[in-house]
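Chain and residue survey
Each chain is listed here by its residues.
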Amino acid sequence: MSLRVAVVGAGAVGGWYAGLLALAGADVRCLARRDADVLARDGLLLRDAGGERRVRFARVSRDPADLGPADLVIVAAKATANSRLAELGLPLAKPGATLLTLQHGMGTAEALAALRGPEPVVGGHSIVGKNRVAAGGVE
């Protein structure tokens, strides 16, 4: 059984890590806003110095109920969406699952921990410079 990962915010940073995890064999499910239809239909195009790779995800939706529970939830949405994480991201986590924030700004891990209670929350830092170049495309 592979690691089930839910990515909240599959834009530049979230899409990049979602794509790499899917290429590594994880069962990746993406909660996306504007690119949901393109990601579900065509997958994600990852572009870097090594070339282009098309990545397909296990599921893509605008509704967290469609994605099922995950072992790891990566929050890569803009921190301005944190007021909605109780309804968007937290229901995706299985009991005992880790929630990893890869958001810009101070206090994001603490804010998520306050919503989550005793369950694990990890504050991450992404140093990749990625851009969403088109719907369903990151370079």
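Just above sits the structure.
Residues numbered from 1 in each chain as written. Predicted model: local features only at pLDDT ≥ 70, side-chain atom pairs only at ≥ 80, totals over all residues. Heavy atoms only, no water.

Here strand β3 (residues 44–48) runs beside strand β4 (residues 51–55); their pairing, made up of 5 bridges, is antiparallel. Paired with L46 across the bridge in β4 is R53. The antiparallel hairpin formed by β3 and β4 contains 2 residues in its connecting segment. (Pairing = 2+ DSSP bridges. Helix = DSSP H or I, 4+ residues; strand = E, 2+ residues; numbered from the N terminus.)

Let us look at the pattern of salt bridges. One pass over the full model with this rule turns up 7 salt bridges. Residue R29 is joined to D27 by a salt bridge in which the shortest nitrogen-to-oxygen separation is 2.7 Å. Across the pair D48 and R53 runs a salt bridge, and its minimum N-O distance is 2.8 Å. Under the relative-accessibility criterion, R53 is labelled partly exposed at 29%. Salt bridges sharing partners connect three or more residues here, namely R4, D27 and R29. (Salt bridge = Lys/Arg side-chain N within 4 Å of Asp/Glu carboxyl O. Buried < 20%, exposed > 50% of the residue type's maximum accessible area, 1.4 Å probe, protein only.)

Our focus in this paragraph is helix α4 (residues 108–116). Turning to α4, its buried residues are T108, A109, L112 and R116. Buried residues of α4 fall within an arc of 95 degrees about the axis and therefore sit on the same side. Summarising the geometry of α4, the exposed residues directed more than 90 degrees from the buried face are E110 and A114. Positive phi appears at G117, one or two residues downstream of α4, with a value of about 80 degrees. (Arc of directions from axis to C-beta.)

Right, let's get into helix α1 (residues 12–23). Taking 1.5 Å per residue as the helical rise, α1 with its 12 residues ought to reach 16 Å, and the 16 Å between its terminal C-alpha atoms agrees with that figure. Looking only at α1, the buried set comprises A12, V13, G14, G15, W16, A18, G19 and A22. Of the residues flanking the end of α1, it is G25, one or two places downstream, whose phi is positive at about 105 degrees. (Expected span 1.5 Å × (residues − 1).)

On the basis of which strands lie adjacent, the open sheet formed by 6 strands has the order β5-β2-β1-β6-β7-β8 and parallel pairing. Since the sheet does not close on itself, it has two edges, and those belong to β5 (59–61) and β8 (121–123), each with one partner. Put simply, the sheet's adjacent strands are angled 20 degrees from each other on average, direction ignored. Sheet topology places strand β1 (residues 4–8) next to strand β2 (residues 27–31); 5 bridges connect them, and they run parallel. (Axes fitted to C-alpha atoms, helices over the stretch in contact; angles between N-to-C directions.)

Grouped together as the largest cluster of nonpolar side chains are 22 residues, with contacts concentrated most on V28, C30 and F57. Elements represented by at least two residues in this core include exactly β1, α1, β2, α2 (36–42), β3 and β6 (70–75). No other element matches α1, which puts 3 residues into this core. Contacts of F57, omitting those with residues within four sequence positions, involve A18, G19, A22, V28, C30, L39 and L44. Core analysis: the next-biggest nonpolar cluster, separate from the first, contains 14 residues, A6, V8, V73 and L85 among them. (Core = buried A, V, L, I, M, F, W, Y, C linked by side-chain atoms within 4.5 Å. Contact = heavy atoms within 4.5 Å.)

Let us look at the environment of T98. Here T98 is to be found in strand β7 (residues 93–101). When the C-alpha positions of T98 and P120 are compared, they lie 5.1 Å apart, and in sequence the two are 22 residues distant. Those residues in contact with T98, other than ones at most four positions away along the chain, are D71, L72, V73, R116, P120 and V122.

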